[in-house]
Amino acid sequence: MKTDYTALVAYAETDISLLKKAFGTLFESKYGTSDEEIHFYAAPARINIIGEHIDYNGGKVFPAAIDKYIYLALRRRTDATVKYDDVRFPGEFSFSITDNFTYKKENDYCNYLNGILTILKDRGFTFETGFEALFFSCIPAGGGISSSSALECCFAYAVSDLYGLGIDGVEIAKIGQESEHRFMNVNCGIMDQFIIATAKKETAILLDCATLEYQYVPLKLGDYRFVVMNTNKKRQLSDSKYNERVSECKIGLGVINAKLTSLGKKTVPDLCSLSSQDFAELQDSVKDPIILKRIRHCVTENERVYKAVAALKAGALADLGVLMNASHDSLRNDYETTGIELDTLHEEANKTAGCLGSRVTGAGFGGCAIALIHKDGYNDFVKKVGAAYKDKIGYEATFFECGTGGGAHSI
Ligand code: GLA
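The rules behind each value
- Residues numbered from 1 in each chain as written.
- Predicted model: local features only at pLDDT ≥ 70, side-chain atom pairs only at ≥ 80, totals over all residues.
- Heavy atoms only, no water.
- Buried < 20%, exposed > 50% of the residue type's maximum accessible area, 1.4 Å probe, protein only.
- Helix = DSSP H or I, 4+ residues; strand = E, 2+ residues; numbered from the N terminus.
- Contact = heavy atoms within 4.5 Å.
- UniProt positions renumbered as here; feature names shortened; annotations may be inferred.
- Near = heavy atom within 4 Å.
- Polar contact = N/O pair within 3.5 Å; in protein donor to acceptor, adjacent residues only side chain to side chain.
- Nonpolar A, V, L, I, M, F, W, Y, C, P; charged D, E, K, R; others polar.
- Core = buried A, V, L, I, M, F, W, Y, C linked by side-chain atoms within 4.5 Å.
- Axes fitted to C-alpha atoms, helices over the stretch in contact; angles between N-to-C directions.
- Parallel < 35°, antiparallel > 145°, perpendicular 65-115°, else oblique.
- Left-handed = near helix turned anticlockwise from the far one by under 90°.
- Pairing = 2+ DSSP bridges.
- Phe/Tyr/Trp six-rings, centres within 6.5 Å; stacked < 30°, edge-to-face > 60°.

As for helix α1 (residues 5-14)
When α1 is considered as a whole, its buried residues turn out to be A7, L8, V9, Y11 and A12. For α1, the secondary structure elements touched by its buried residues are α2 (16-31), β2 (60-76) and β5 (131-137).

Below, the structure written as structure tokens:
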């Protein structure tokens, strides 16, 4: 039985019991045998259908988990040692469960994991013994479909299960987000962790990020499918303008609330509490044109989410496509998180027959876009959009058609 990365990907796509067998064999060849059982877990990547950059502005978002997963094999040890390794990027990292973890560049992806252990300890959970962990991911790294949140949520779920901590999905999501804030210096919203921890197959989630109320919405696409288009432009959220956007929105909220106060009106807790009408009445008070654009994106995007969910529920997929395009335009013009690579994919996708709409998905600044296309048009779509992208950008984009995925779980 083959246990290299390519073989594991093939098992993951065809037969989960074969995957467990091969992954278990690889685990034992790395860490040796033990009386302790090896436990297996999976967590999905996500796309966001619409509602971008508004999770940290109290908005509604509409993500779905997809059928690409990160897998984890985990086994308890009898001493305090913690070991991490990864099939795709091999190299063993070793710590002690009793360490006081802090971010260290050389610890690479383990920073997310040590962050999670720290947060669990801060919440009063105690660990007497450590573990060995081996990760194997089918999710493109740093590609905008939330490989890092999948890593966090898979690990948090697995540790909760292995140590019998009984943490539910919503809490797993909060722990993942806190690890990003405290360990990775990314002031992200909760959308990615939330969908990854709580997703159900064949649905998307309409999540109110102000209250964390949510509902599962059946993802009935008929003859249409979402295609993920990866720009293959590498970026790291912490290096990007992500935190800058978060700060600009805070400034915008301050300006709006100062105006509301001067008018003797109630202040708002976040930008997505404003309707278009509120915005029209208040916009003159925002003198900085950049801040004005950021606020406008939040207000209009939040309204598009309601309309998109209504369109999907009504089976009006063409309307959903129009809203996706409007969302991309707003992210390009007002929020400025797209760039030539994503704009090229978006434009070329829309030139292709059978494409109802397309947009950047996730943080942007590189990463991925999605398109809603007719199922019979996939090969033609990839050929046309791929060639035009290569021509303009100089390197290849990659594509895959996605189905839905389930939230973090044991396998
Ligand atoms: C990243 C963040 C999310 C969200 C998106 C943009 O994926 O992790 O919280 O802000 O960007 O919508």
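Here's the deal with the UniProt feature "binding site: Mg(2+)" (unreviewed entry) in the protein chain
According to UniProt, the "binding site: Mg(2+)" (unreviewed entry) feature falls on S148 and E180. Across 33 residues in sequence, these annotated residues keep their C-alpha atoms within 9.0 Å of one another, forming a single compact spot. Here S148 shows up in helix α4 (residues 147-162). Those residues within four positions of S148 in sequence are excluded, and the remaining contacts are Y112 and E180. Residue placement: E180 occurs in helix α5 (residues 169-183). Ignoring any residue separated from it by four or fewer positions in sequence, one finds E180 in contact with Y112, S148, S149, E152, N185, V186, C188 and Q193.

Considering the environment of A141
Counting through the fold element by element, A141 comes out in the loop between β5 and α4. In the structure, A141 is positioned 93 residues away from K234 in sequence and 9.0 Å away in space, judged by C-alpha atoms. With sequence-adjacent residues up to four places away left out, A141 is seen in contact with R88, F89, S147 and K234.

Let's talk about the site of the ligand
Neighbouring residues of the ligand: R46, E52, H53, D55, Y56, C188, G189, M191, D192, Y242, G362 and A363. Between the ligand and Y242 there is a distance of 2.6 Å, counted from an oxygen atom to a side-chain nitrogen or oxygen. Within the backbone of A363, one N or O atom sits 3.4 Å away from an oxygen atom of the ligand. Along the lines of polarity and charge, the residues of the shell around the ligand split into five nonpolar, three polar and four charged.

Examining the side chain of N302
Of note, N302 is situated in helix α9 (residues 289-313). According to the relative accessible area criterion, N302 is buried, its value standing at 4%. A polar contact of 2.8 Å, which involves the side chain of N302, links it to the backbone nitrogen of K60. If we ignore the near neighbours within four places in the chain, the residues touching N302 are I54, G59, K60 and C272.

Digging into the nonpolar core
With 126 residues, the main nonpolar core has Y84 and F131 as its most contacted residues. The element best represented in this core is α9, accounting for 10 residues. Listed in part, the 21 residues of the second largest apolar core include Y11, A12, A42 and Y71.

Quick word on the packing of helix α3 (residues 110-122) against α5
Contact geometry of α3 with α5 gives a least axis separation of 9 Å together with a crossing angle of 110 degrees. Classified by the angle their axes make, α3 and α5 are roughly perpendicular. Our pair here, α3 against α5, has a crossing hand that is right-handed. Contacts between α3 and α5 pair N111, Y112, N114, G115, I116, T118, I119, L120 and D122 from the former with I175, G176, E178, S179, E180, R182 and F183 from the latter. Looking at the contact of α3 with α5 residue by residue, the class counts come to six nonpolar, six polar and four charged.

With respect to the UniProt feature "binding site: substrate" (unreviewed entry) in the protein chain
Under the UniProt annotation, the feature "binding site: substrate" (unreviewed entry) is placed at E52, H53, I54, D55 and Y242. Spanning 191 residues, the annotated positions come together in the fold, the maximum distance between their C-alpha atoms being 12.6 Å. With respect to the helices and strands, H53 occurs in the loop between β1 (39-50) and β2. Assessed through its relative accessible area of 4%, H53 is described here as buried. Discounting chain neighbours no more than four positions away, the residues touching H53 are Y242, H297, C298, L331, Y335, T337, G362 and A363. A distance of 2.7 Å separates polar atoms of two side chains, one belonging to H53 and the other to Y56.

So, the sheet that holds strand β9 (residues 355-361)
An order of β9-β10-β8-β11 is seen for the four strands of this open sheet, with the pairing classed as antiparallel. Looking at strand neighbours, the two that pair on one side only are β9 and β11 (398-402), the edges of this open sheet. Pairs of neighbouring strands in the sheet enclose a mean axial angle of 25 degrees, with direction left out of account. Pairing between strand β8 (residues 224-230) and β11: five bridges, direction antiparallel.

Here's the deal with the pairing of β2
Counted residue by residue, β2 has 15 buried out of 17 residues, so it is predominantly covered. With 10 bridges joining them, β1 and β2 adopt antiparallel strand pairing. Residue pairing across strands places I50 opposite F62, the latter belonging to β2.

Looking at the environment of D192
Structurally, D192 can be placed in helix α6 (residues 191-198). Taking the C-alpha atoms as reference, D192 lies 16 Å from D168; in sequence the two are 24 residues apart.

Looking at the packing of aromatic side chains
Under the definition given, this model contains 21 aromatic pairs. Summarising the aromatic geometry, the rings of F23 and F40 are spaced 6.0 Å apart at their centres and angled 50 degrees between planes, so their arrangement reads as tilted. Linking F23 in helix α2 with F40 in strand β1, this pair joins segments that are 17 residues apart in sequence. Accessibility expressed as a relative area gives 1% for F23, which makes it buried. Note on F40: relative accessible area 10%, which makes it buried. Relative to Y242, the ring of Y56 lies with its centre 5.4 Å away and its plane at 65 degrees, an arrangement referred to as edge-to-face. In this pair, Y56 sits in the loop between β1 and β2 while Y242 sits in helix α7 (residues 242-262), placing the two residues 186 residues apart along the sequence.

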